[in-house]
Amino acid sequence: MIALVAAFLVLACAVAVLSIAPFLVASALLATLAWYCLPGVVLGRRWYGPDSNMAWLVGPLWGYGLCHVVLLGLWALGWRHPIVPLLAPALVWLGVRLVPRGDVRLGAPALGRRDVAAVLLVVALVPVLVGRPFSQVGREIPEGVAYKAYFTADFVWARAVVAEVSKGDVPPRNMYLRGEALNYYWLPHLLSAAEHRWAPAAFTVDRVLLVNAFGLGLFVAAFLYGFIRHFARRASAAAVGSVFALAFVSLEATYYLWHRWQTGRPLNAIFSTNVDGLTRVLFDSVIVDGLHRLLLYQVTHHGVGYVLGLSALLVAITAGQPGRGRVAVLAGTLLGVGFLFSSFASLIVGVAVGACYAVRLLARGEWRRIPVVGLAALVPILAAVGVSLILQYADGTTSLVELGLNRRAAANAGWVLVLSFGVLLPAGLFGAIVALAERRWESLALLLTAAIAMAFYFLVNVRDHMDVYVAWRAGHI
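Predicted model, so just to flag it, every value in this text is computed and none were measured.

Novice: A description of helix 19 (residues 413–421) should follow, citing residues and the corresponding values.
Specialist: Since the α-helix packs 3.6 residues into each turn, any two residues three or four apart lie on the same face. For helix 19, every residue scored as buried is listed here: Ala413, Val416, Leu417, Leu419, Ser420 and Phe421. Residues of helix 19 that are buried make contact with helix 11 (252–262), helix 12 (278–283), helix 18 (407–410), helix 20 (424–438), helix 21 (441–459) and helix 22 (469–476). Looking at the residues trailing helix 19, positive phi occurs at Gly422, about 50°.

Novice: Kindly report on the environment of Thr333, identifying the contributing residues and their values.
Specialist: Along the chain, the position of Thr333 falls in helix 15 (residues 325–341). According to the relative accessible area criterion, Thr333 is partly exposed, its value standing at 25%. When the C-alpha atoms of Thr333 and Val286 are compared, they prove to be 32 Å apart, with 47 residues separating the residues in sequence. The contacts of Thr333, once residues within four sequence positions are left out, are Leu66 and Pro380.

Novice: Please set out helix 7 (residues 155–165) residue by residue, giving values where relevant.
Specialist: Those residues of helix 7 that fall on the buried side of the exposure criterion are Phe155, Ala158, Ala160, Val161, Val162, Glu164 and Val165. The elements touched by buried residues of helix 7 are helix 4 (60–76), helix 8 (190–198) and helix 9 (205–229).

Novice: An account of the environment of Cys356 is requested, with residue identities and associated values reported.
Specialist: Within the secondary structure, Cys356 sits in helix 16 (residues 343–363). Residue Cys356 is classed as buried on the basis of its relative accessible area, which comes to 0%. C-alpha separation for the pair Cys356 and Leu419, spaced 63 residues apart in sequence, amounts to 29 Å. Not counting chain neighbours up to four residues away, the residues in contact with Cys356 comprise Leu313, Trp441, Ala445, Leu448 and Thr449.

Novice: Mind laying out the pattern of salt bridges, listing which residues take part and the relevant values?
Specialist: Note that side chains of opposite charge can pair when their charged atoms are close. Applying the stated criterion across every chain, the model contains eight salt bridges. Here Asp206 ties to Arg159 by a salt bridge, and the two come within 2.4 Å at their closest N and O atoms. Of this pair, Asp206 sits in helix 9 while Arg159 sits in helix 7; the two residues are 47 residues apart in sequence, bridging distant segments of the chain. Taking relative accessible area as the criterion, Arg159 reaches 27% and is therefore assigned partly exposed. The salt bridge involving Glu438 is made with Arg233; its shortest N-O contact spans 2.9 Å. Taken as a pair, Glu438 in helix 20 and Arg233 in the loop between helix 9 and helix 10 (235–247) lie far apart in primary sequence, 205 residues in all. We classify Glu438 as partly exposed; its relative accessible area is 38%.

About the cut-offs
- Residues numbered from 1 in each chain as written.
- Predicted model: local features only at pLDDT ≥ 70, side-chain atom pairs only at ≥ 80, totals over all residues.
- Heavy atoms only, no water.
- Buried < 20%, exposed > 50% of the residue type's maximum accessible area, 1.4 Å probe, protein only.
- Helix = DSSP H or I, 4+ residues; strand = E, 2+ residues; numbered from the N terminus.
- Contact = heavy atoms within 4.5 Å.
- Salt bridge = Lys/Arg side-chain N within 4 Å of Asp/Glu carboxyl O.

These values are about where atoms sit, not about what they do.
Here you go:
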């Protein structure tokens, strides 16, 4: 079984990647991506223990995020030599090796052969979901180069960001507003920009973005399984949860087909319809994209940001001694780096991390440690906020966030929640009931996190995004 799934995964990945870029180009990009992820595995093994294999699932994107921060420092110093992007992981690896192992461990179940088969199955969904769409991006046709309509908002914007960042300005210039800084979280695209700058003819913007997105999608899928496995008692349960979360969440397509059948209209219109946006069209409410669309064109920034934020949540929930200052520093560092990748998503998860941390310390009778732990975690978070201000992530002239009921989110909320979250909604409620009955702290922490995300969904709004931005981020979480 394991050999069969592994063979399918390798074949599917090869077909998908080679449809994007030539063999040597794709190999170089994926090797660089793996090099950026390796320090995170080393760090994960120090926190989980050398006998745990969980670090291979949750750790890679820790390294990816930390290496980007180091690369940013080198980039800001004016180091543009082609060897510089490869130097950043070496520096992070040296720093990680200096971190003492200590006696603080993150708790995780032992992984066995069934977990290997399960995680391979989950990761194999990535080439199935993104392989065909990626192969069609920038396809040459008689009229020119074609891009699907749903890629214009995110992918074409990412192309412009990579091209601009590759010029070397820190902060980069706004490519659409003369004389203005690029008010956008552009750090996630720094490695792609450095690669494109090094060999623009071979490493075209499209190739770099798509190959890196494909590789990152594999790591995000592996993390999703590893995250769920912390709470699920069986590999099969974690696999089913991961598969449904990635591929079978929304009921919007089902509702759309039923609605058209009821009204006697042709069903083939579904092939030209954004079914993940139907809650906006049919119910005048917000949009919650499925995670498969995250893999298509948001994994480089939001996907990595979610992983780093949820990793901080794992630290808060599973650390054997949560009152230790270095545990809080690790959680704060993961949140801080995540903030530089996906700012608002890290804000949502950060509230959940703080709440879970405080509840856990109170339950352990260590309430006096709450201020100390809070300050220890706050230092790297404030450092990340400072970096974002220096990089001019936001223009700072207006307040973008509004508190209070988001009327768009409240409109037809019952229908929208059922259609957006599908079978995960009753399954999650059932899981919550089981957690309450068994008084399992870990699962209760997830319930608290979901409640906080839902509070953001309804009570926080970011203007200039048609009142749907927070629902996107909170809905994903």
